[in-house]
Protein chains: 2
Amino acid sequence: MKFIENAVGRKIPDEIDGKKLIPFQGAFADPIEKMDRRKYAPPIPKSHPEWMTGESKLCKGIEESIKRSGLKSGMTISFHHHLRNGDYVVNMVLDACDRLGIKDLTLAPTALFPIHKPVIDYIKKGVIRNIQGSMNGPIGEFVSYGGLSTTAILRTHGGRVRAIEDGDLHIDVAFIAAPCADDYGNANGVYGPSACGPLAYAYADAMFADKVVIVTDNLVEFPCLPISIPSTNVDLVAVVDKIGDPAGIVSGTLRITKSPTRLHIAQLAAQFIYESPYYRDNFSFQTGAGGISLAVTKYLGEYMEQDGIRASFINGGITKFSVDLFKRGIVRKLFDGQVFDPVAIKSFRDDLWHQETPMTMYANIHSKGCLVNRQDIGFLGATEVDVDFNVNVNTHSDGLLLHGIGGHTDVAAGAKLSMIVVPSYRKRIPVIRNRVTTVTTPGETIDVIVTERGIAINPRRQDLVEHFKHSKLPIRDIHDIHSEVIEICCEPELPRITDRIIALIEYRDGTIIDVVYQVEK
Amino acid sequence: MKFIENAVGRKIPDEIDGKKLIPFQGAFADPIEKMDRRKYAPPIPKSHPEWMTGESKLCKGIEESIKRSGLKSGMTISFHHHLRNGDYVVNMVLDACDRLGIKDLTLAPTALFPIHKPVIDYIKKGVIRNIQGSMNGPIGEFVSYGGLSTTAILRTHGGRVRAIEDGDLHIDVAFIAAPCADDYGNANGVYGPSACGPLAYAYADAMFADKVVIVTDNLVEFPCLPISIPSTNVDLVAVVDKIGDPAGIVSGTLRITKSPTRLHIAQLAAQFIYESPYYRDNFSFQTGAGGISLAVTKYLGEYMEQDGIRASFINGGITKFSVDLFKRGIVRKLFDGQVFDPVAIKSFRDDLWHQETPMTMYANIHSKGCLVNRQDIGFLGATEVDVDFNVNVNTHSDGLLLHGIGGHTDVAAGAKLSMIVVPSYRKRIPVIRNRVTTVTTPGETIDVIVTERGIAINPRRQDLVEHFKHSKLPIRDIHDIHSEVIEICCEPELPRITDRIIALIEYRDGTIIDVVYQVEK
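Definitions and cut-offs
- Sequence order sets the numbering: in each chain, residues are counted from 1 along the sequence as written.
- Whichever chain is written first becomes A and whichever ligand is written first becomes 1, with later ones labelled in order.
- With the structure being a predicted model, the display of local features is reserved for residues of pLDDT at least 70 and the display and counting of side-chain atom pairs for 80 or more, all residues being used for whole-chain, interface and lining totals.
- The side-chain values count all of the structure's non-hydrogen atoms but skip hydrogen atoms and water molecules.
- Secondary structure counts use DSSP, requiring at least four H or I residues in a row for a helix and at least two E residues in a row for a strand, with both numbered from the N terminus.
- When we talk radius of gyration, it's over C-alpha atoms, and the globule rule is simply 2.2 Å times the number of residues to the 0.38.
- Accessibility here uses a 1.4 Å probe with only protein chains present; expressed as a share of the type maximum, an area under 20% marks a residue as buried, one over 50% as exposed, and anything in between as partly exposed.
- Note on contacts: a residue pair qualifies if any of its non-hydrogen atoms lie within 4.5 Å across the two residues.
- Residue burial considers only the protein chains on display, and all accessible areas are found by Shrake-Rupley using a 1.4 Å probe.
- His is not counted, nor are the chain ends, whereas Lys and Arg count as positive and Asp and Glu as negative.
- Note on charges: their place is set at NZ of Lys, CZ of Arg, CG of Asp or CD of Glu.
- Any two strands between which DSSP finds at least two bridges are classified as paired.
- Geometry is summarised by axes, namely lines fitted to C-alpha atoms with helices restricted to the contacting stretch, and by angles between N-to-C directions that run from 0 to 180 degrees.
- Handedness rule for crossovers: strands pointing away from the viewer, path from the first strand over the helix to the second running clockwise, crossover right-handed.
- Here a patch means residues that are over 30% exposed by relative accessible area and free of salt bridges, tied together within 9 Å if like-charged and within 5 Å if nonpolar (Val, Leu, Ile, Met, Phe, Trp, Tyr).
- One side-chain nitrogen of Lys or Arg within 4 Å of one carboxyl oxygen of Asp or Glu is enough to make a salt bridge.
- Summed over both partners, buried area is the accessible surface (1.4 Å probe) that two parts give up on being assembled.
- We call two N or O atoms a polar contact when they sit within 3.5 Å, provided that within protein one can donate a hydrogen and the other can accept it, with sequence-adjacent residues counted only if both atoms are side-chain atoms.
- Three classes are used: nonpolar for Ala, Val, Leu, Ile, Met, Phe, Trp, Tyr, Cys and Pro, charged for Asp, Glu, Lys and Arg, and polar for all others, with Gly counted as polar.

Engineer: Explain the overall build of chain A residue by residue, including any values.
Structural biologist: What chain A contains, in helices and strands, is 16 helices and 31 strands. Radius of gyration (C-alpha) of chain A: 23 Å, near the 24 Å computed for a compact globule of 521 residues. Taken over the C-alpha atoms alone, chain A extends approximately 75 × 55 × 45 Å along its principal axes. Buried residues in chain A amount to 65% of all 521 residues. Counting only contacts in chain A whose residues sit at least 6 apart along the sequence, the fraction spanning at least 24 positions is 72%. Total accessible area computed for chain A in this model is approximately 17,900 Å², and 50% of it derives from carbon and sulfur atoms. Charged side chains of chain A number 58 positive and 63 negative; the gap between the two group centres comes to 1 Å.

Engineer: Help me get a handle on the sheet that holds strand β31 (residues 512–519) of chain A, residues and values and all.
Structural biologist: Pairing between sheet strands relies on hydrogen bonds along the backbone, with the strands arranged either parallel or antiparallel. Residues and elements named next belong to chain A. Pairing in this open sheet of 3 strands is mixed, and the strands run β11-β30-β31 from one edge to the other. In this open sheet, the two edge strands, each paired with only one partner strand, are β11 (152–154) and β31. Shown here is a sheet whose adjacent strand axes are inclined to one another by a mean of 40°, direction ignored. When β11 meets strand β30 (residues 497–506), the two strands line up parallel, connected through 3 bridges. Bridge pairing in β30 links Leu154 to Ile505.

Engineer: Can you tell me about the pairing of strand β29 (residues 454–457) of chain B, naming the residues and giving the values?
Structural biologist: Residue and element names in this part refer to chain B. Neither face of β29 is open: one carries Gly454 and Ala456, the other Ile455 and Ile457, and all of them are buried. Summarising the sheet, strand β28 (residues 448–451) and β29 pair through 4 bridges and their orientation is antiparallel. For Thr451, the partnering residue across the bridge sits in β29 and is Gly454. The hairpin formed by β28 and β29 contains 2 residues between the paired strands. Summarising the sheet, β29 and strand β30 (residues 475–476) pair through 2 bridges and their orientation is parallel. When the sheet's bridge partners are listed, Ile455 is paired in β30 with Ile475. Read from β29 through helix α15 (residues 462–467) to β30, the crossover connection turns out right-handed.

Engineer: How would you sum up helix α2 (residues 61–69) of chain B? Please name residues and give values.
Structural biologist: An α-helix turns once per 3.6 residues; consequently, residues spaced three or four apart project the same way. All names here are of chain B. Here α2 has its buried residues at Gly61, Ile62, Ser65, Ile66 and Ser69. Where the residues of α2 are buried, they touch β5 (58–60), α3 (89–99), β12 (173–178), β15 (211–216) and β16 (236–239). Of the residues trailing α2, Gly70 is marked for its positive phi of about 85°.

Engineer: Give me the environment of Gly158(A): which residues, what numbers.
Structural biologist: All names here are of chain A. Looking at the element boundaries, Gly158 is found in helix α6 (residues 157–166). For the pair Gly158 and Val212, spaced 54 residues apart in sequence, the C-alpha to C-alpha distance is 21 Å. Leave out the neighbours within four places in its chain, and Gly158 touches Ala363, Asn364 and Asp410.

Engineer: Break down the pairing of strand β12 (residues 173–178) of chain A for me, with residues and values.
Structural biologist: Residue and element names in this part refer to chain A. Burial analysis of β12 places 6 of its 6 residues in the buried class, which makes it a mostly covered element. Neither face of β12 is left uncovered, since the one carrying Val173, Phe175 and Ala177 and the one carrying Ala174, Ile176 and Ala178 both have all their residues buried. Where strand β6 (residues 76–79) lies against β12, 2 bridges are found, and the strand directions are parallel. Pairing of Ser78 across the sheet is with Ala174, part of β12. Of the strand pairs in this sheet, β12 and strand β15 (residues 211–216) are connected by 6 bridges, and their pairing is parallel. From the neighbouring strand, Ile176 faces β15, where its bridge partner is Ile214.

Engineer: Talk me through a nonpolar patch on the surface; I want residue IDs and the actual numbers.
Structural biologist: Judged by side-chain polarity, Leu352(A), Trp353(A), Tyr191(B), Leu352(B) and Trp353(B) come together as a nonpolar surface patch covering roughly 430 Å² of accessible area. Take Leu352(A): it is sitting in the loop between α12 (342–350) and β20 (354–356).

Engineer: I'd love a proper account of the interface of chain A and chain B, names of residues and values included.
Structural biologist: Often the size quoted for an interface is simply the accessible area lost on bringing the parts together. Across the contact, 67 residues belong to chain A and 67 residues belong to chain B. Carbon and sulfur atoms make up 61% of the surface buried where chain A meets chain B, a total of about 6,000 Å² over both sides. When the buried surface of chain A facing chain B is broken down by residue, Ile44(A), Lys368(A) and Arg374(A) rank first, second and third, together holding 15% of it. Where chain A touches chain B, the interface holds 6 salt bridges. Residue Lys368(B) is joined to Asp235(A) by a salt bridge in which the shortest nitrogen-to-oxygen separation is 2.7 Å. Linking chain A with chain B are 42 residue pairs in polar contact (both at pLDDT 80 or more). Elements with a contribution of two residues or more to the side of chain A that touches chain B: α1 (50–53), β15, β18 (311–318), β19 (331–339), α12, α13 (359–363) and α14 (408–414) of chain A. The element that contributes the greatest number of residues to the side of chain A that touches chain B is α1(A), accounting for 3 residues. For the side of chain A that touches chain B, a count of residues per class yields 32 nonpolar, 15 polar and 20 charged.

Take it as geometry only, folks, not as evidence of what the structure does.
The structure is reproduced here in structure tokens:
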């Protein structure tokens, strides 16, 4: 194993688990694009009428669907995370695989949540051998301490769909949780007890997996409309009692932060946007469901209403706060990859200009034009940021891998103005650092960092530095903010790590931007 | 060239123009399915932000888009026919190719209409070398007399998308006429002076062509919603003055037949459906825009209203007559591949349960489940039908190739009850014949033929024969109807043809069901 330093100064092995790695070469270098490769070509399926074959797609339960799908030990299975911390499907499928004696699977979810803690047992039992996907919480912790015998791969939303479409991530069987489906496999997420809104994360899985199983607790009369996943891409439909727990799927209590520090950060961010060259009629932005992000949206909406400025669209995770701006006409259109509350689900279901965004449309660098590239402003969170503007969203300062990437890196690369909105430290641990523990998003794609101690503009953006020269906003050098933070918190301890790599952080173009090492117990 | 007799008794050459042919082996034999092939894999594209590259997809006119697309002599270009006989785009592109000195193109439209007559000149000039697609009217006539130096290929709607997805029809550049589009390539057909409704015919072209050019006369602010063709699949956007003539795009005068004979046929067909085992709550059917078909829809709607029976869905070309049933709640949902009038366009735009049907969803035998397979009843037209229930929709009895296939063969194969509704003769030329001039749709997929002289049930459907044993409907043997027709019209003359094959009729699975010979002048 030879190590090569990549474009953000991280040492990347030339291969791991027998797979050659390409080190990150810059946000838009995209070395794979230059290899004259072609997309992944799934097998050619067939479509003969049921009245002739006597074969229906319907399966009584998960086990039958696994058997009929041809799933075998060593294969790759995939899942989407629209049911978030209410999802029952991942655990159900793994349980059935265990009972059927299927082993050595690669698990390729769009994300894993605390509810998926049983995954740890299935790793221990040998049902799962590798994970390619985001791991939030306990599973990440388990993997951090060396629980997985192979190297995990974390990808961005856009990076995952790129990997699937390009053939880097081959899915043998995709299990797609569907709150509403018919017996032919047409499915959506807008009706039923487990309603979750879009099924946007699962589009690529449906299109490129060899076999696709819809898992539903709400079988409706054919044809199920609207269609998020079409019958043309579905092999089997497994009917189960419950696919999820509504309390974990939608958040009934999404709230804007009440912390004065965080509200101050949000206010600074909104003011920065307001004074920026991007604040004009028909501008666009991305929101999330985090407390600061919601506050920025709220303040921005107030400015816009005052000025009679309307946004072209909001891209992102959609909440009732975004829907409110949309309904009031302050925002013209909503692009929606994931929703967080019942108000947003209802709007997604009923409003023609509230549009589902499959991940390739959202952020695939290997599409012919993804949405993040047309976004003016994105405000994003971080666990750490460094003086080179590199951002960490994956690991904590103790080295534990506790979060997925989501669309972070994608939005940062695409948006004209990408802002990190963070407190300068949390519980006496510096967020602004000399060097982030893990580079998730390269500094060259981050334009501004907004903290309660001031706003740092990336020196690469001299146009912005110039633009804000006379602003009354507290524009400061990132190094000054950093020094101040270190004075308060002291230099942070380095994580205690071994020399074994437990996960790769893949950049959206398929290169490796950083690796995560095993943490000592 | 060796000839092999196929499953409908037609002699098929083993190869033509250097391409190996597989003879038709039965409606569901699907020999290609058994070849363990994979889908066509398009090149991997890229998506870098315009603010970085300085490159926009926008082109001033067709010529610039052709140049930037990399189109060269010998390549294949494709078009959709939603603008029908009002389409300007095919002629515009060919004119520009001619000016740019591009020659020997293969033209792969979903259909050609009389407005595309200039295609003949471009064939003569050498701009076009081959046609793979339906030819309605003058171009078909020109090709019939040997005007094309190569062999044309005609495919069904489902067969064309199969050929594209399977890689049998490789498209270098797809030109997609779009009544509404933004500068990033998101496009729909529901707004603007050339509004045509769905863009369903163009989906496969957008997904599988190497390069995709949106051609629009109605550039709107980004993002254009709803999205029929997404920016992720579009390379260039060419803005032109007019993409079409509204008078040729939508028919303002769609009328139910007034001919007493045809009304009688429609009445018989509706009564047959009414008495059939398929007439029950939640049944489904396919409609077209032909005069008899519209009358059947009307009569059927009257029965349903009377009985309080509601249809699950109508599949097909949607007209104001279908929309009327939908609005009155007699039909629950509409699947729409193509619309014919402004009422249908408006409903398609505004009604959530009026769903666009890309052709792969409509009828692709190589998908995992297409819609025609879930259809109870289809009523279809014909130029000729024979005593083996084989249907011809392509040629006239003089051998001239004047019509495309549309979804005829697909619906016949998929629907549980496929009915041909035709007069027994037209202008003293028998429609019911001993042997059709060209086999478009195999008799094994046709269940019933309804004429003004009676209804013939295919003897393969003994269940239906039994079911209608005591019906008062004029159920007759096809041979009896045929004899009666011949008595009136005399035995028809055979077309005067040469021994040169000018076109192949491809079955939906990619095999060859018949060939069309050059007609003597």
